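Notes for the structure review
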Amino acid sequence: MQARMTNPAQVLPGAMKPILDLLNAAKQGGVPESTMELVHLRASQINGCAPCVFGGIASSRKHGVSEDKLTTVVAWREAPFFSDAERAALALAEASTRLADRADAVPDEVWDEAARHYDEKQLAALVLMIGVTNLFNRLNATTRQIAGATW
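Notes on the structure in this doc start here. (Residues numbered from 1 in each chain as written. Predicted model: local features only at pLDDT ≥ 70, side-chain atom pairs only at ≥ 80, totals over all residues. Heavy atoms only, no water.)

Let us look at the environment of G55. The topology assignment puts G55 in helix α4 (residues 50–62). The class for G55 is partly exposed, based on a relative accessible area of 34%. Distance in space between the C-alpha atoms of G55 and A105 is 27 Å, their sequence separation being 50 residues. (Helix = DSSP H or I, 4+ residues; strand = E, 2+ residues; numbered from the N terminus. Buried < 20%, exposed > 50% of the residue type's maximum accessible area, 1.4 Å probe, protein only.)

Okay, a nonpolar patch on the surface next. Where nonpolar side chains cluster on the molecular surface, the patch consists of M5, V11 and L12 and spans about 270 Å² of accessible area. Residue placement: L12 occurs in the loop between α1 (8–11) and α2 (16–26). Residue L12 is classed as exposed on the basis of its relative accessible area, which comes to 55%. (Patch = residues over 30% accessible without salt bridge, like charges linked within 9 Å, V, L, I, M, F, W, Y side chains within 5 Å. Areas by Shrake-Rupley, 256 points an atom, 1.4 Å probe, with all protein chains shown as cover. Salt bridge = Lys/Arg side-chain N within 4 Å of Asp/Glu carboxyl O.)

With that settled, the discussion passes to the packing of helix α6 (residues 84–97) against helix α8 (residues 120–142). Close contact between α6 and α8 brings their axes to 10 Å; oriented N to C, the two are set at 45 degrees. Of the possible angle classes, the one that applies to α6 and α8 is oblique. Note that α6 runs across α8; the crossing there is right-handed. Two secondary-structure elements touch here, α6 through A89, L92, A93, S96 and T97 and α8 through L126, V127, I130, N134 and R138. Looking at side-chain class alone, the contact of α6 with α8 contains six nonpolar, three polar and one charged residues. (Axes fitted to C-alpha atoms, helices over the stretch in contact; angles between N-to-C directions. Parallel < 35°, antiparallel > 145°, perpendicular 65-115°, else oblique. Left-handed = near helix turned anticlockwise from the far one by under 90°. Contact = heavy atoms within 4.5 Å. Nonpolar A, V, L, I, M, F, W, Y, C, P; charged D, E, K, R; others polar.)

Running from amino to carboxyl end, helix α3 (residues 33–47) crosses α6 at an angle of 35 degrees, the nearest separation of the two axes being 9 Å. Handedness of the crossing formed by α3 with α6: right-handed. Contacts between α3 and α6 involve T35, L38, V39, R42, A43, I46 and N47 on the former and, on the latter, E86, A89, L90, A93, E94 and T97. Looking at the contact of α3 with α6, its residues break down into seven nonpolar, three polar and three charged.

Taken together, the side chains of D104, D108, E109 and D112 define an acidic patch exposed on the protein surface. Tracing the backbone through its elements, the reader meets D112 in helix α7 (residues 108–117). (Lys, Arg positive; Asp, Glu negative; His and termini not counted. Charge placed at Lys NZ, Arg CZ, Asp CG, Glu CD.)

Below, the discussion takes up the pattern of salt bridges. One side chain can pair with another of opposite charge once the charged atoms of both are near each other. Inspection of every chain in the model, using the stated rule, returns seven salt bridges. Of the charged contacts in the structure, one is a salt bridge between K69 and E86, with a shortest N-O distance of 2.8 Å. Of this pair, K69 sits in helix α5 (residues 67–72) while E86 sits in helix α6, and the two are 17 residues apart along the sequence. Residue classification places E86 among the buried positions, given a relative accessible area of 7%. Residue D101 pairs with R98 through a salt bridge whose shortest N-O separation is 3.8 Å. If you follow the salt bridges from partner to partner, you end up with R42, R77 and E94 in one network.

Right under this line is the structure:
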């Protein structure tokens, strides 16, 4: 496999820093790192972003996500390993990633369940994490970045 080009965020001067600033801001929202990692991993799986799945698994392990969760996050609804709060975050990640799959992109029941577990600052962190993940997924998938390759 070969990438089509260098990652666009590296090609254009000044692009990567603001993206990483958003990512770092999201991590300051009070959501457990393990939950943020699961959200990143699930969105990346949906988008078929191999570099983000590969990196997300390594980062998830670093932040204490269990192997049980890592191997079943793709089927989190059917797996017993996730807390109610993690399930709410994963549902929000899926809805926010699959915006065009339904007329009401993020249904009230998905949002309300997330809001039951997370305050406004934490919801902001989750939404930013999902958005930044989707941005990275689109950059990487479009340009066919290689899983495991370093920039």
